[in-house]
Amino acid sequence: MSDELMVSGGGVVAVGTSALFSDAERLEGLVGELDDCARDLAALVTVADYAAAASPGGLPGIGGGADAGLALLVRAAAAESGRAMDDARVLLQVAASRSDRLAAGLRLSADAYGAGESALAAVGERLAAELGTHAGFLVSTLGVLLGPLTVVGIGGAAGLALGIARAEAVGDSARPHGSGRVSAPGPVPSRAAPGPANQAASRPHGMLSDPRFVRLVRLSVMSADEFGTEASRFSPALVRALGDAGLGPTGPGGLAGAAGSVAAVGGSVGALRESPVRVAAVGTAAATPATGFADRAARVPRGASQIRIDRHIRPGEPDSFEVYLGGTLDFSPVAAREPWDLTSNVASLAGQESGAYRAVVAALEASGADARSPIVVTGYSAGGLVGAQLAASGDFDVRGLYTLGAPSGQVPVPASVPWVAVEHTDDVVPALGGTLASQNAVLVRRRAIDDLPSTTGDLSSTPAAHFPAHEFVRYRETAELLDAAGEHRAEVAVTGFSLHGAVAGQVEITWYRASRGRVPAD
Amino acid sequence: MSDACWAGGAAAALDAVRALESLGVRLGWLAARVERARLAAPVCAEPDWSGPTRRLYDLGLDDLHRALASAAASIEGALAASERAAGALAAGLPAGGVPGVR
């Protein structure tokens, strides 16, 4: 794995290794320490000045005659001490100033590098949009000839949503229980050692984990709007399907529009249909407030419960809450009992209130949270997408959002919500959410797998071989690296996340299990 | 010189000795702090980083370490000089101490 983190936020992109961020942090720490030393020296110089004032007449106790020479010696030595301290003071100020400049230079060079990369990404998006327009024109022309087959194009978009489910199946395969379901809710069994994850790096995953492919997917998603606009010009079937779903020419475009189209077409054949949900508390425990990125990642539920809510009981203040949301658990396109399913994924991508979203709202209400309760949300994969929707809804006072491998880039999270999004550049799942629309979010990227083995292995035998970069264990590794990196923007964000929990006198954990009710008939 | 004047001057000298000794202790602490800071400062950039920015960074680190080493040397010099002054002053005081001054 690589320990290089790429961090962006506030409209700038920083590229640098953890070691360089660590250097910058150490240098910034030196500035304060050296300034303190210089100030202390300035105070000590006055002591030396007092002794330097010793002269034959200044210290009569020494007496005259031969003692006058001694007094001169004392005066000279004290004066020498004072001068040396003054020299040291100036040198420490110089060192503090150099430390400050070096730290600033490190961060500036990382930002400048990232700005170049950001500009290249923008050019790529523009090119992809133009290609999407041309491709859409081609498909629409073919659509006139082929009629209903144009719907196949929508099927391709459905494949994107299926990709989330498929990749999360891989993430779940790293769980202690192969099915991803455990008999009782509880904390993550143990912190995954890097060993198994590194061993997984040798699995054949090929093109799906190639960062170039991931970028292509992201660009394709971002150009879905141009593709769809052109394609729908001559396709009555597509226009009818979009119109039925309220996604016609005036409906939402881009990724949401494409996902809405998928849901509309899926619904017509009994797939991807939403249903009522209900939640039940299935376990409680006491805990300490979360600290840092790795600690929060470790609290994401990975078992029978999909939602964990930590309630911070704060003396004299309203309770605050930390919500942890896991990834997809059911990969069937037809909704059954599990709301953490493909149906929720597609609904969420379409910007609709999915079953998973409604379950989280219900769990929050059951925990005692209301519109004024400070809430911090952490979510992995589809859980991160739901968390971003929660932050975007404005229905709750979300004070922090932390997503891991979530396809949530296009969710309109308000700039006022501090958001740290962690994505692996070789993980296709976050790419399915498009580029990060929020300029204020702190985007942390890392390539999870250095080597790219050939695809000659038996891919069918191990589903995990397809999307190793999406494995939850790898995101936890990245979270640990982020904690260690000392990157300023990430530290500011995580300090804000911990602000409300820090004063909690008591933390109560509740695990919630959500389930779907009957899917309504037509 | 009257006895009172002599005793007053000796007391002042003793104060100066004490001040210089205290100065020495505090300079010793400061020397330790600067040494810790010197050890905490990055030494060189990681090997994977290359190019002109890396070279500038390395030069900056060299300058920083030179400044810290010079500061540490100056503090050591100040410490030695203050100890010399304290020792000389103490030598000039009566062997049995200053009457009326502890």
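Scroll up to find the structure.
Rules and cut-offs
- Residue positions are given per chain, counting from 1 as you read along its sequence in written order.
- As they are written, the chains are lettered A onward and the ligands numbered 1 onward, keeping that order.
- Selection of residues for local features in this predicted model requires a pLDDT of at least 70, selection of side-chain atom pairs for listing and counting requires 80 or more, and totals for whole chains, interfaces and linings are taken over all residues.
- Helix and strand assignments come from DSSP, with helices taken as H or I runs of at least 4 residues and strands as E runs of at least 2, each series counted from the N terminus.
- Working definition of burial: number of other C-beta atoms within 10 Å of the residue's own, with buried at 20 or more, exposed at 12 or fewer, and partly exposed in between, all C-beta atoms being placed from the backbone.
- In this description, any two residues whose backbone-derived C-beta atoms lie within 7 Å of each other are considered to be in contact.
- Asp, Glu, Lys and Arg are counted as charged, while Ala, Val, Leu, Ile, Met, Phe, Trp, Tyr, Cys and Pro are counted as nonpolar; the rest, among them Gly, fall into the polar class.
- By definition here, a helix of n residues has an expected span of 1.5 Å times n minus one.
- Any two strands are treated as partners once DSSP identifies two or more bridges connecting them.
- Between the N-to-C directions of two axes lies an angle of 0 to 180 degrees, each axis being a line fitted to C-alpha atoms and, for a helix, fitted only over the stretch in contact.
- Oblique is the label for every angle not falling under 35 degrees (roughly parallel), over 145 degrees (roughly antiparallel), or within 65 to 115 degrees (roughly perpendicular).
- What makes a crossing left-handed is the near helix being turned counterclockwise from the far one by less than a right angle; a clockwise turn instead makes it right-handed.
- Working definition: the nonpolar core is a set of buried Ala, Val, Leu, Ile, Met, Phe, Trp, Tyr and Cys residues, joined through C-beta atoms within 7 Å.
- As annotated, the domain borders come from an automatic or database domain assignment.

A.B. asks: For this particular structure, what's the right way to read the overall build of chain B?
C.D. replies: Across its full length, chain B holds two helices and zero strands. Across the 102 residues in chain B, those meeting the buried criterion constitute 31%. Taking as baseline every contact in chain B between residues at least 6 positions apart, the subset at least 24 positions apart corresponds to 86%.

A.B. asks: Please clarify how the overall build of chain A should be interpreted in this entry.
C.D. replies: For chain A, the count of helices and strands is 15 helices and ten strands. Burial status across chain A gives 52% buried among its 522 residues. Within chain A, contacts between residues separated by at least 24 positions form 76% of all contacts whose residues are at least 6 apart in sequence.

A.B. asks: When you look at unusual backbone geometry in this model, what are you seeing that I'm missing?
C.D. replies: With the exception of glycine, the majority of residues adopt a negative phi angle, and the majority of peptide bonds are in the trans configuration. Residue and element names in this part refer to chain A. Even without glycine at this site, Ser381 takes up a positive phi of about 55 degrees. Structurally, Ser381 is set in the loop between strand S6 (374-380) and helix H12 (382-393). Overall, Ser381 belongs to the buried group, with 32 C-beta atoms counted inside 10 Å.

A.B. asks: When you look at the interface of chain B and chain A in this model, what are you seeing that I'm missing?
C.D. replies: You'll often see interface size given as the accessible area lost when the parts meet. Facing the 45 residues of chain B at the interface are 44 residues of chain A. Elements with a contribution of two residues or more to the side of chain B that touches chain A: helix H1 (3-40) and helix H2 (52-92) of chain B. Looking at the side of chain B that touches chain A, the element that brings in the most residues is H2(B), giving 21 residues. Here the side of chain B that touches chain A is built from residues that sort into 31 nonpolar, eight polar and six charged.

A.B. asks: Teacher, can you tell me more about H12(A) here?
C.D. replies: Residue and element names in this part refer to chain A. With twelve residues, H12 should reach 16 Å at 1.5 Å per residue; the first-to-last C-alpha distance of 17 Å fits that figure. Burial within H12 is extensive, with ten of its twelve residues counted as buried. Buried residues of H12: Ala382, Gly383, Gly384, Leu385, Val386, Gly387, Ala388, Gln389, Leu390 and Ala391, and no others.

A.B. asks: What is the right way to look at the environment of Gly60(B) in this model?
C.D. replies: Residue and element names in this part refer to chain B. Position of Gly60 relative to the elements: it lies in helix H2. On the basis of neighbour counts, which here come to 19 C-beta atoms within 10 Å, the residue Gly60 falls in the partly exposed class. Each C-alpha atom of the pair Gly60 and Cys44 lies 9.7 Å from the other, and the pair is 16 residues apart in sequence.

A.B. asks: Mind showing me how you'd approach the pairing of strand S9 (residues 442-446) of chain A here?
C.D. replies: For a regular strand, side-chain orientation follows a simple rule: the groups alternate between the two sheet faces. All names here are of chain A. Burial runs high along S9: five of the five residues are buried. Burial along S9 is two-sided: the residues Val442, Val444 and Arg446 and Leu443 and Arg445 are all buried. Strand direction decides the pairing type here: strand S8 (residues 419-424) and S9, joined by five bridges, are parallel. When the sheet's bridge partners are listed, Glu423 is paired in S9 with Arg445.

A.B. asks: I'm lost on the packing of helix H10 (residues 342-349) of chain A against H12(A) in this one. Help?
C.D. replies: For any two helices packed against each other, one specifies the inter-axial angle together with the distance between the axes. Residue and element names in this part refer to chain A. Packing of H10 against H12 leaves a shortest axis separation of 10 Å and a crossing angle of 40 degrees. One way to sum up the angle between H10 and H12 is to call them oblique. Here H10 and H12 pass one another in a crossing that is left-handed. Contacts between H10 and H12 pair Ser344, Asn345 and Ser348 from the former with Ala382, Leu385, Val386 and Gln389 from the latter.

A.B. asks: In this structure, what is going on with the nonpolar core? I would like to understand it.
C.D. replies: Looking at soluble globular proteins, one finds that nonpolar side chains tend to be buried together. Leu92(A), Val323(A), Val360(A), Val444(A), Ala71(B) and Ile75(B) are the most contacted members of the largest nonpolar core, which has 121 residues in total. Ranked by residue count, the leading element in this core is H2(B), at 15 residues. Each of two domains, domain 1 (4-118) and domain 2 (122-449 + 471-522) of chain A, supplies a minimum of three residues to this core. Ignoring any residue separated from it by four or fewer positions in sequence, one finds Ala71(B) in contact with Ala88(A), Leu91(A), Leu92(A), Ala95(A) and Val34(B).

A.B. asks: How do you make sense of the pairing of strand S5 (residues 320-325) of chain A when you look at a structure like this?
C.D. replies: Residue and element names in this part refer to chain A. Counting buried positions along S5 gives six out of six residues, so the element sits mostly inside the fold. Burial along S5 is two-sided: Ser320, Glu322 and Tyr324 facing one way and Phe321, Val323 and Leu325 facing the other are all buried. Pairing between strand S4 (residues 307-313) and S5: six bridges, direction antiparallel. The residue of S5 that forms the bridge with Arg311 is Phe321. Hairpin connection of S4 to S5: six residues between the antiparallel strands, including Gly316 at a positive phi of 75 degrees. Two strands pair when backbone bridges link them, and S5 and S6 are joined in this way by five bridges, in the parallel orientation. Looking at the pairing, Glu322 lines up with Val376 of S6.

A.B. asks: Explanation requested: the packing of helix H11 (residues 355-367) of chain A against H12(A) in the structure shown.
C.D. replies: Residue and element names in this part refer to chain A. Their axes nearest at 10 Å, the elements H11 and H12 cross at an angle of 65 degrees. The crossing of H11 and H12 is right-handed. Packed against H11, whose contacting residues are Ala356, Tyr357 and Val360, the element H12 presents Ala382, Val386, Gln389 and Leu390 at the interface. Taken together, the residues of the contact of H11 with H12 break down into six nonpolar, one polar and no charged.

It is worth stressing that arrangement in space is one thing and function is another; only the former is reported here.
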